[in-house]
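Examining the three-dimensional arrangement
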Amino acid sequence: MSRITSPKHCVKTILVRPAPGKKTRAIVQVGSLRIPAAIGRTGRTSLKREGDGATPIAAMPLLSGFVRGDRVALPGTALPFRRIRPSMLWCDAPSHPSYNSLVRAPFKPSHEEMRRADELYDICLVLDWNVTSRRRNKGSAIFFHLIRPGYEPTAGCVAIAKRDMLRILPHLRRGTVVRVL
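Another point: the pattern of salt bridges. Taken as a whole and judged by the stated rule, the model has 5 salt bridges. Put simply, Asp52 and Lys48 hold a salt bridge, and the shortest N to O gap is 2.5 Å. On the basis of relative accessible area, Lys48 is assigned to the buried category, the value being 5%. Asp122 is paired through a salt bridge with Arg71; the nearest N and O atoms lie 3.0 Å apart. With a gap of 51 residues between them, Asp122 in the loop between strand 10 (111–113) and strand 11 (123–127) and Arg71 in the loop between strand 6 (59–67) and strand 7 (81–83) connect regions that are remote in the sequence. Given the relative accessible area of 3%, Asp122 is considered buried.

Right, let's get into unusual backbone geometry. With an omega of -5°, the peptide bond running from Ala105 to Pro106 counts as cis. Within the secondary structure, Pro106 sits in the loop between strand 9 (102–104) and strand 10. In this model, Asn100 sits at a positive phi of 60°, which is unusual for a non-glycine residue. Mapping Asn100 onto the fold places it in the loop between strand 8 (88–91) and strand 9. Of note, the phi angle at Tyr151 is positive, near 55°, even though the residue is not glycine.

A word on the confidence of the model for the chain. Counting all residues, the mean pLDDT for the chain is 95, and 96% of those residues have values of 70 or more. Low pLDDT, under 50, characterises residues 1–7; the predicted model gives this stretch 17 contacts beyond four residues in sequence or across chains.

The next point concerns the pairing of strand 1 (residues 13–18). Pairing analysis gives 4 bridges linking strand 1 to strand 14 (residues 177–180), with the strands arranged parallel. Bridged to Val16 within strand 14 is Val180. For strand 1 and strand 2 (residues 25–30), the ladder comprises 4 bridges, and the chain directions are antiparallel. In the sheet register, Pro18 faces strand 2, and the bridge partner there is Ala26. Turn length for the strand 1-strand 2 hairpin, with the two strands adjacent in sequence and antiparallel, is 6 residues, and the turn residue Gly21 shows positive phi of about 90°.

Reading guide: rules and limits
- Numbers given for residues are sequential positions, taken from 1 along each chain in its written order.
- Confidence filtering applies because this is a predicted model: local features only for residues at pLDDT of at least 70, side-chain atom pairs given and counted only at 80 or more, and all residues used for totals across whole chains, interfaces and linings.
- Where side-chain values are given, they derive from all heavy atoms of the structure, hydrogens and water being excluded.
- By salt bridge we mean one thing: a side-chain nitrogen of Lys or Arg within 4 Å of a carboxyl oxygen of Asp or Glu.
- Any residue under 20% of the maximum accessible area for its type is buried, any over 50% is exposed, and the rest in between are partly exposed; the area is computed with a 1.4 Å probe on protein chains only.
- Put simply, DSSP marks the helices as runs of H or I at least four residues long and the strands as runs of E at least two long, and each gets a number from the N terminus on.
- On a scale of 0 to 100, pLDDT captures the predictor's confidence in every residue.
- For this analysis, residues touch if any pair of their heavy atoms sits within 4.5 Å.
- Here the rule is simple: two strands pair whenever DSSP picks up at least two bridges between them.

Shown next, in the form of structure tokens:
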């Protein structure tokens with residue numbers, strides 16, 4: 001049985017390796033634990049652009065998380081979390097000053113709703129891709145979130161099953177690096 005080294009141990013790096021045979025699948029490695037994952041619909045890229053559907057090949061520190069508190073009870077974690085409210089949106093309009101950041105409804109420019117009808121963002125971790133140092137058109141809303149049924153590809157995020165996310169959350173903290181290879 002694979003496990004993480006210690007229940008109180010904070011993981012410094014999570015590796016996301018491409019899975020053999022399918023560009024939209026990956027293996028997430030947390031300590032000795034290996035977890036199946038989905039990545040971007042166009043695979044991985046080192047030249048990320050807004051809307052390309054690719055997961056950036058990069059080392060991205062975890063910044064924080066969002067949770068649908070009405071649906072999920074989080075285990076203890078050192079990672080800072082915010083409860084998702086209906087007014088929470090994520091701006092993905094490259095020309096807007098709030099590009100790639102949390103905004104509030106009403107908001108007319110292009111955005112994603114954080115409080116989704118499906119379960120994808122019930123637990124949603126923010127990766128530092130183009131967040132702390134934003135550049136237009138370099139990609140937005142690159143999250144580590146929950147998987148769609150059948151491990152369908154993402155729009156550029158990394159996604160795993162809820163049971164796996166709940167298992168690793170106690171070992172994560174702000175600054176844990178998600179390294180997509």
